[in-house]
Amino acid sequence: MHQTRDLGGLIFVELRDWTGVVQVVFNPAVDSRLHEQARELRSEFVVAVRGRVRRRAPENVNPRLATGEVEVVPEALELLNRSKTPPFYIAEGNEVDETLRLRYRYLDLRRPAMQANLRLRHRLLKAIRDFLDAEGFVEVETPDLTRSTPEGARDFLVPSRTNPGTFYALPQSPQLFKQLLMVGGVGRYYQIARCFRDEDLRADRQPEFTQIDLEMSFVEAEDVQDVTERMLAAAVEATVGERLALPLPRLTWAEAMDRYGSDKPDLRFGMAVADAGDLLAGLDFAPFRQALERGGTVRALAVPGAAGASRRQIDAWTELARKAGAAGLVWLGTGEELRGPLRERLERERVARLLERAGGRPGDLLLMVAGEPRQASLVLGRLRLQIAAELDLVPPGRFAAAWVTDFPLLEWNEEEGRWEAAHHPFTMPNPEDLERLESDPGSVRALSYDLVLNGYELGSGSIRIHRREVQQRLFRAIGIDEERARQRFGFLLEAFEYGAPPHGGVALGVDRIAMILAGAASLRDVIAFPKTARGADLMMGAPSEVDPGQLEELGIALRRPGPIVADHGA
Ligand code: ASP
């Protein structure tokens, strides 16, 4: 029972199942006993109706229902099950408190929007499977009970009862298995893989999530990108009917950082950051002069048509720039009259060149940040996103994907005072930079790439190391000595000694892709049984305490007898 309207005489009942909704009309003049029975029906009752389908009178046609031109005249009604009054309306699209939705997920899933999301996710995965199958990929499952794979998060551990004192780790990704499948001659592998990362939960993360994970032998980065973007295009077309223009744009990490202040630029709109240091040299303006003298620069952003932005608005953006680490924000309205602190100092000619450089035109608002180049881009990149949202500059319903390539191989970990892998430690260094791995680790680029969509990172991949000595050099560079490398990754190093082919791959986040394609606000809306931001399953009540007997069997003693956090709020 979806909903019912009792008009005194007639009772209109909408029945819902997984195929949709249909109307049944109970008319006392036709069958008073059935009508009497129908009066007992309430929302979410489960019934079987037998009857005749007839065309509705023209004035009763409901264009909002797929079945709005017909209705059912019942001949028999059977009540199969009753329902308590549900804690929220299923039939209406109104906002419901998410804690309640998660607690009663099986009711939430009945709502048409959630049904649509689950079906979209199904079509997404089916399109991906069909595409990869046609491309010669083989779906192979890899274990969930395994040992740690370093993807940069904490592991979930599972104690082993049969080997007391030892633990499995749930995989952070199937990374090492898929590489070993390449050594195993599989050639083209994929898997819709569940990954587990025990991270401090940020707003839109799940401790377990799904990746479309793939790996290929005898390929270069370009080959992996080509298959992956065609796969994404097939998935987008199968789910929302849009066509992505291929090949996708590619920009290097350095370009992305300079032009968008982000390694996952939102390319649905322009407003790229430009370097204006040379155009502003010699200007009598202390903040710019000082930055340029110190080897810094001035970077600029043109906000379309915003020359007349209010002082309040500009002050708020200045505040944001400061919070993002800038000393200040210099603005210039380029309308008929120049506005802003530089208006007396800049000739029209120079303003025109600035606008041209920033891809703007007269009437735009130029925002400028002086300082260290990357830092200036970072600040303007933040403003770019904020302003685009505020001024509605993001075209709705658009999908803009791109590859970001050539990430740095290593990152300096300030806390631990050592280099660590920016992606994971199996990523191939760019051969052009390899000789600097020991002397200048920070300057080595990786053969890695990220796929970004609408400002989200969908996933990343790389060409992998397939030779033992290179892998060992990399371990050394990140402070894993030979002994530890043998202990932790001996199986991989050994495998590389038996003719491992060159290989590379990628993994994309299924939840995130589904979320973007469904236009959903949260990952939780495209996962049937998600966890809250605190990692709790509110329906099952997980995580939970366990029976002391179970702990005993595992040889585990708790230091604290009870749960430290009992609050499972969303
Ligand atoms: N295993 C990587 C990840 O989960 C993806 C890859 O390199 O294929 O991010």
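In this text the structure is predicted, and so the values were computed from the model without any measurement. (Residues numbered from 1 in each chain as written. Predicted model: local features only at pLDDT ≥ 70, side-chain atom pairs only at ≥ 80, totals over all residues. Heavy atoms only, no water.)

A. Spotlight on the overall build of the protein. Per the secondary structure count, the protein includes 16 helices and 22 strands. With the principal axes as the frame, the protein shows a C-alpha extent of 90 × 75 × 55 Å. Surface accessibility of the protein: about 29300 Å² in total, with carbon and sulfur atoms responsible for 49%. Treating the 74 positive side-chain charges of the protein as one cloud and the 86 negative ones as another, the clouds have centres 4 Å apart. (Helix = DSSP H or I, 4+ residues; strand = E, 2+ residues; numbered from the N terminus. Areas by Shrake-Rupley, 256 points an atom, 1.4 Å probe, with all protein chains shown as cover. Lys, Arg positive; Asp, Glu negative; His and termini not counted. Charge placed at Lys NZ, Arg CZ, Asp CG, Glu CD.)

B. Structural view of helix 7 (residues 253-260). Within helix 7, burial applies to Trp-253, Ala-256, Met-257 and Tyr-260. Angular distribution of buried residues about the axis of helix 7 spans 105 degrees; they occupy a single face of the element. In this structure, the buried side of helix 7 is in contact with strand 11 (250-252), helix 12 (373-390) and strand 17 (401-405). One or two steps after helix 7, the chain reaches Gly-261, where phi turns positive at roughly 60 degrees. (Buried < 20%, exposed > 50% of the residue type's maximum accessible area, 1.4 Å probe, protein only. Arc of directions from axis to C-beta. Contact = heavy atoms within 4.5 Å.)

C. Structural view of the sheet that holds strand 9 (residues 188-196). Reading across the sheet, the eight strands line up as 6-9-10-22-21-20-17-11 and stay open at both edges, with mixed pairing between neighbours. Each edge of the sheet is formed by a strand with only one pairing partner; in this case those strands are strand 6 (138-139) and strand 11. Of the strand pairs in this sheet, strand 21 (residues 456-463) and strand 22 (residues 503-509) are connected by five bridges, and their pairing is antiparallel. Pairing of Ile-463 across the sheet is with Gly-504, part of strand 22. This element, helix 5 (residues 175-183), spans strand 9, strand 10 (208-217) and strand 22 of the sheet and lies at about 20 degrees to strand 10. (Pairing = 2+ DSSP bridges. Axes fitted to C-alpha atoms, helices over the stretch in contact; angles between N-to-C directions.)

D. Examining the pairing of strand 19 (residues 418-421) more closely. The sheet contact formed by strand 18 (residues 410-413) and strand 19 spans four bridges and is antiparallel. In the sheet register, Asn-413 faces strand 19, and the bridge partner there is Arg-418. From the end of strand 18 to the start of strand 19, which pair antiparallel, there are four residues, and Gly-417 there has a positive phi angle of about 60 degrees.

E. Examining the nonpolar core more closely. Of all hydrophobic cores here, the largest spans 63 residues; its most connected members are Leu-132, Ile-212 and Leu-214. At seven residues, the largest contribution of residues to this core is made by helix 6 (residues 221-240). Among all residues touching Ile-212, those that are not within four sequence positions of it are Ile-128, Leu-132, Tyr-190, Gln-191, Ile-192, Met-231, Val-506, Ala-507, Leu-508 and Val-510. (Core = buried A, V, L, I, M, F, W, Y, C linked by side-chain atoms within 4.5 Å.)

F. The arrangement of the sheet that holds strand 14 (residues 330-334) in detail. Strand order in the open sheet formed by five strands is 12-13-16-14-15, with antiparallel pairing between adjacent strands. The open sheet terminates on both sides in strands that have one partner only, identified here as strand 12 (274-275) and strand 15 (338-339). Set on the sheet, helix 9 (residues 286-293) makes contact with strand 13 (297-303), strand 14 and strand 16 (365-371); between it and strand 16 the angle comes to about 45 degrees.

G. Structural detail: the site of the ligand. Inspection of the region around the ligand gives 13 residues, with Glu-151, Gln-175, Lys-178, His-424 and Arg-464 positioned closest. Arg-464 places a side-chain nitrogen or oxygen 2.7 Å from an oxygen atom of the ligand. Burial of the ligand by the protein amounts to 96% of the accessible area it has alone, namely 270 Å². Within the residue set of the shell around the ligand, elements represented by two or more residues are helix 5, strand 21 and strand 22. Classifying every residue of the shell around the ligand gives two nonpolar, seven polar and four charged. (Near = heavy atom within 4 Å. Polar contact = N/O pair within 3.5 Å; in protein donor to acceptor, adjacent residues only side chain to side chain. Nonpolar A, V, L, I, M, F, W, Y, C, P; charged D, E, K, R; others polar.)

H. The side chain of Ser-448, seen in detail. Tracing the backbone shows Ser-448 in strand 20 (residues 448-453). A relative accessible area of 6% means that Ser-448 is categorised as buried. Ser-448 has contacts with Val-404, Thr-405, Asp-406, Phe-407, Thr-427, Gly-461 and Ser-462, leaving out every residue within four places of it along the chain.

I. The pattern of salt bridges, seen in detail. Taken as a whole and judged by the stated rule, the model has 46 salt bridges. Residue Arg-101 pairs with Asp-108 through a salt bridge whose shortest N-O separation is 3.0 Å. On the accessibility criterion, Arg-101 (9% relative accessible area) is buried. Residue classification places Asp-108 among the buried residues on the basis of a relative accessible area of 0%. In this structure, Arg-111 and Asp-108 form a salt bridge, with 3.1 Å as the shortest nitrogen-oxygen distance. The two residues Arg-111 and Asp-108 agree in class, both being buried. Here the salt bridges share partners, and the residues they tie into one network are Arg-101, Arg-105, Asp-108, Arg-111 and Asp-525. (Salt bridge = Lys/Arg side-chain N within 4 Å of Asp/Glu carboxyl O.)

J. Molecular detail of empty space enclosed by the protein. Applying the stated criterion across every chain yields a total of one cavity of 30 Å³ or more. Residue lining of the largest cavity: Leu-102, Arg-105, Phe-529, Pro-530, Asp-537, Leu-538 and Met-539, and that is the complete set. Here the residues of the lining of the largest cavity are counted per class, giving five nonpolar, no polar and two charged. (1 Å grid on protein atoms, 1.4 Å probe; cavity = no way out; pocket = protein on both sides within 12 Å on 5 of 7 lines; lining within 4 Å. Points joined across faces, edges and corners; volume = space filled by probe spheres on them.)

K. Quick look at the packing of aromatic side chains. Taken as a whole and assessed by the stated rule, the structure comprises seven aromatic pairs. Note on Tyr-104 and Tyr-106: the rings are 6.3 Å apart at their centroids and 75 degrees apart in plane angle, and the pair reads as edge-to-face. By relative accessible area, Tyr-104 is classed as partly exposed at 22%. A ring pair is formed by Trp-412 and Trp-419, whose centres lie 5.2 Å apart and whose planes are at 70 degrees; its orientation type is edge-to-face. By relative accessible area, which is 42% here, Trp-412 ends up partly exposed. These aromatic residues form a ring-pair network of at least three members: Phe-426, Phe-475 and Phe-489. Lying over the aromatic face of Tyr-104, Arg-103 brings its terminal NZ or CZ to 4.6 Å of the ring centre. (Phe/Tyr/Trp six-rings, centres within 6.5 Å; stacked < 30°, edge-to-face > 60°. Lys NZ or Arg CZ within 6 Å of the ring centre and 35° of its normal.)

L. Examining the environment of Phe-288 more closely. Assignment of secondary structure puts Phe-288 in helix 9. Sequence-distant contacts of Phe-288, that is, excluding residues within four places in its chain, are made with Leu-280, Leu-283, Val-298, Val-330, Leu-342, Met-368 and Ala-370.

M. Examining the packing of helix 10 (residues 311-323) against helix 12 more closely. Packing of helix 10 against helix 12 leaves a shortest axis separation of 9 Å and a crossing angle of 140 degrees. Classed by the angle they form, the pair helix 10 and helix 12 counts as oblique. When you trace helix 10 past helix 12, the crossing you get is right-handed. For the pair formed by helix 10 and helix 12, the contact residues are Gln-313, Trp-317, Leu-320 and Ala-321 on the first element and Val-379, Arg-382, Leu-383, Gln-386, Ile-387 and Glu-390 on the second. Of the residues contributing to the contact of helix 10 with helix 12, the split by class is six nonpolar, two polar and two charged. (Parallel < 35°, antiparallel > 145°, perpendicular 65-115°, else oblique. Left-handed = near helix turned anticlockwise from the far one by under 90°.)

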